[in-house]
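Residue-level listing of the chains:
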Amino acid sequence: DIQMTQSPSSVSASVGDRVTITCRASQAISTWLVWYQQKPGKAPKFLIYGASSLQSGVPSRFSGSGSGTDFTLTISSLQPEDFATYYCQQASSFPWTFGQGTKLEIK
Amino acid sequence: QVQLQESGPGLVKPSETLSLTCTVSGDSISSFYWSWIRQPAGKGLEWIGRLFNSATADYNPSLKGRVTMSVDMSKNQLSLNLTSVTAADTAVYYCARATSGWVHDYWGQGTLVTVSS
């Protein structure tokens, strides 16, 4: 299985800050990567696919980059509604696997 | 607007079979891949498997052949069966649409299944 490792596991930041979350794959996955946001008690919400393509309706302050094994999710200016847990998911080979999550907390 | 709703028993005894249904509205179940994904309390997400038209299924090998997924086109529903459950199968179970087979763009609200005697 391809292991997805996110860093950091948690991060504290303030409204207006720029935050970057990293996702590293244990082997090359091209751009077969999806980012999700999950709030407590809710289902994950799809943000970005293909490593960098923003889902329709997702604010432009979210962006993704990377290919191969190293990927990043950047939030350019944090808003109160962005405090949540973020997961990456690879779809290069079965079984699809997720990162362990990065919890973004208010400082 | 695509909506998914999971349903099924919230409590299953060890060694028995967990059976869940996901009812899809706003879309034809025959047109897409559909996944089941689970999340133990306070933990990350685990992909269980995906299905297309009951003809193509891909399962997570970690479940060691205990999982079966199916669709009922007449009811626009997909089902999940997980046999020989243990406490390790306690989780919130989600169904999700997998656009292009791999992008989970619509999710149900999730249903908590507890395995306990």
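Residues numbered from 1 in each chain as written. Chains lettered and ligands numbered in written order. Predicted model: local features only at pLDDT ≥ 70, side-chain atom pairs only at ≥ 80, totals over all residues. Heavy atoms only, no water.

Colleague: Looking at this model, I keep getting lost on the overall build of chain B. Mind explaining?
Modeller: A tally of regular secondary structure across chain B gives 0 helices and 11 strands. Over its C-alpha atoms chain B spans a radius of gyration of 13 Å, differing by no more than 12% from the 13 Å that the globule rule assigns to 117 residues. Overall, chain B is about 40 × 25 × 25 Å in size when its C-alpha atoms are taken along their principal axes. By residue count, 45% of the 117 residues in chain B fall in the buried class. The long-range fraction of contacts in chain B, counting pairs at least 24 apart against all pairs at least 6 apart in sequence, stands at 52%. In chain B, which carries 8 positive and 8 negative side-chain charges, the distance between the mean positions of the two groups comes to 6 Å. (Helix = DSSP H or I, 4+ residues; strand = E, 2+ residues; numbered from the N terminus. Rg over C-alpha atoms; globule rule 2.2 N^0.38 Å. Buried < 20%, exposed > 50% of the residue type's maximum accessible area, 1.4 Å probe, protein only. Contact = heavy atoms within 4.5 Å. Lys, Arg positive; Asp, Glu negative; His and termini not counted. Charge placed at Lys NZ, Arg CZ, Asp CG, Glu CD.)

Colleague: Would you mind showing me how to read the environment of E6 of chain B here?
Modeller: Residues and elements named next belong to chain B. Within the fold, E6 resides in strand β1 (residues 3-7). Relative accessible area serves as the criterion here: at 4%, E6 is assigned to the buried category. E6 sits 73 residues away from S79 along the chain, and the two C-alpha atoms are 9.2 Å apart. Residue contacts for E6: discarding those within four places in its chain leaves T21, C22, W36, Y93, Y94, C95, G108, Q109, G110 and T111. A polar contact is formed between the side chain of E6 and the backbone nitrogen of Q109, at a distance of 3.3 Å. (Polar contact = N/O pair within 3.5 Å; in protein donor to acceptor, adjacent residues only side chain to side chain.)

Colleague: What should I look at first to understand the environment of T102 of chain A in this one?
Modeller: All names here are of chain A. One can find T102 in strand β11 (residues 102-106). A relative accessible area of 0% places T102 in the buried class. Linking T102 and T74, residues 28 residues apart in sequence, is a C-alpha distance of 12 Å. Contacts of T102, omitting those with residues within four sequence positions, involve Q6, S7, P8, S9, V11, I21, A84, T85 and Y86. Within polar-contact distance, the side chain of T102 engages the side chain of Q6 at 3.1 Å.

Colleague: Just to check I follow, could you spell out the pairing of β11 of chain A for this structure?
Modeller: The sheet contact formed by strand β2 (residues 10-13) of chain A and β11 of chain A spans 4 bridges and is parallel. Residue pairing for β11 of chain A: S12 of chain A is matched across the bridge by E105 of chain A. (Pairing = 2+ DSSP bridges.)

Colleague: Explain the interface of chain B and chain A to me, please; I cannot follow it from the model alone.
Modeller: The accessible area lost on association of the parts is a frequent measure of interface size. Facing the 19 residues of chain B at the interface are 19 residues of chain A. Summing both sides of the interface, chain B and chain A together bury roughly 1600 Å²; the carbon and sulfur share of this comes to 70%. When residues of chain B are sorted by the area they lose upon contact with chain A, L45, W47 and W102 of chain B head the list and together hold 42% of the total. Scanning the region where chain B abuts chain A turns up 0 salt bridges. One can count 7 residue pairs in polar contact (both at pLDDT 80 or more) joining chain B with chain A. For the side of chain B that touches chain A, the elements supplying multiple residues, two or more each, are β4 (33-39), β5 (46-52) and β10 (103-107) of chain B. (Buried area = accessible area lost by both parts, 1.4 Å probe. Salt bridge = Lys/Arg side-chain N within 4 Å of Asp/Glu carboxyl O.)

Colleague: Can you walk me through the pattern of salt bridges in this structure?
Modeller: Opposite charge on two side chains allows them to pair when their charged atoms are near. Residue and element names in this part refer to chain B. As enumerated under the stated definition, the model contains 10 salt bridges over all chains in all. Among the ionic pairs, E46 bridges to R38, the shortest N-O distance being 2.7 Å. The partly exposed category is assigned to E46, whose relative accessible area is 24%. One network of salt bridges, with partners in common, ties together R38, E46, R66 and D89.

As far as function goes, none of this settles anything; it's purely spatial.
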